[in-house]
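Structural characterization, general
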Amino acid sequence: MDSGAKNTGSITDEEVSVIRDTWKPVYEVKEDAGVAVLVRFFTNTPSAKQYFDQIREIQDPEEMRKNAQLRKNAINIMSGLNKLVENLHDGDKVKNIFNQLGETHALKYKVDPSYFKIVTKVILEVLVETFPKVFSAASVQGVWSKLMSITCVELNKVYTTVGWDSIKNST
């Protein structure tokens, strides 16, 4: 993930293989998997709905599942994860992915970065529950947990770089 040099915050080649292999069945059903993630995220963390006008007032999980905007966002999330998974071998591309995601969410949507930690935890929960044959091994969960942790760290770095503290204080 870091153009060759390995450090404590990087994903090894072996871990990249595990991530890619376990990601394939998820991405085959990306819309359903993404919807499951978002419905659980919004059900467990209703304050996150403030960033989504079309679902802000929806309480019923089944109604959320049917919402076209939520489904579109679900595909976007899973496609973004796919882009990350596909490029784990290229540290520069990964950095660009994190920069674009972080800048968009900080500057355009003004999403509090604390939500990244919550949604990455939900992603892991949903993967383990929905794909038990693929994600039941502790080693697989550990690799994915590492990836989600790195994602949160890197996004927080971007938020710091773009001056999140001054942005959130001006809103």
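Only a predicted model underlies this, so the values are computations on that prediction, with no experimental measurement involved.

**Re the environment of Glu103**
Turning to its location among the elements, Glu103 is positioned in helix H5 (residues 91-108). Through-space distance from the C-alpha of Glu103 to that of Ser145 is 23 Å; in sequence the pair is 42 residues apart. Leave out the neighbours within four places in its chain, and Glu103 touches Lys108, Val158 and Val162.

**Focus: the packing of aromatic side chains**
Counted under the stated rule, the structure contains ten aromatic pairs. Here Lys30 stacks its cationic end above the ring of Tyr27, 4.7 Å away from the centre of that ring.

**Side note on the side chain of Thr22**
Looking at the element boundaries, Thr22 is found in helix H1 (residues 13-28). Accessibility expressed as a relative area gives 7% for Thr22, which makes it buried. Not counting chain neighbours up to four residues away, the residues in contact with Thr22 comprise Val134, Phe135, Val140 and Trp144.

Cut-offs applied
Residues numbered from 1 in each chain as written. Predicted model: local features only at pLDDT ≥ 70, side-chain atom pairs only at ≥ 80, totals over all residues. Heavy atoms only, no water. Helix = DSSP H or I, 4+ residues; strand = E, 2+ residues; numbered from the N terminus. Contact = heavy atoms within 4.5 Å. Phe/Tyr/Trp six-rings, centres within 6.5 Å; stacked < 30°, edge-to-face > 60°. Lys NZ or Arg CZ within 6 Å of the ring centre and 35° of its normal. Buried < 20%, exposed > 50% of the residue type's maximum accessible area, 1.4 Å probe, protein only.

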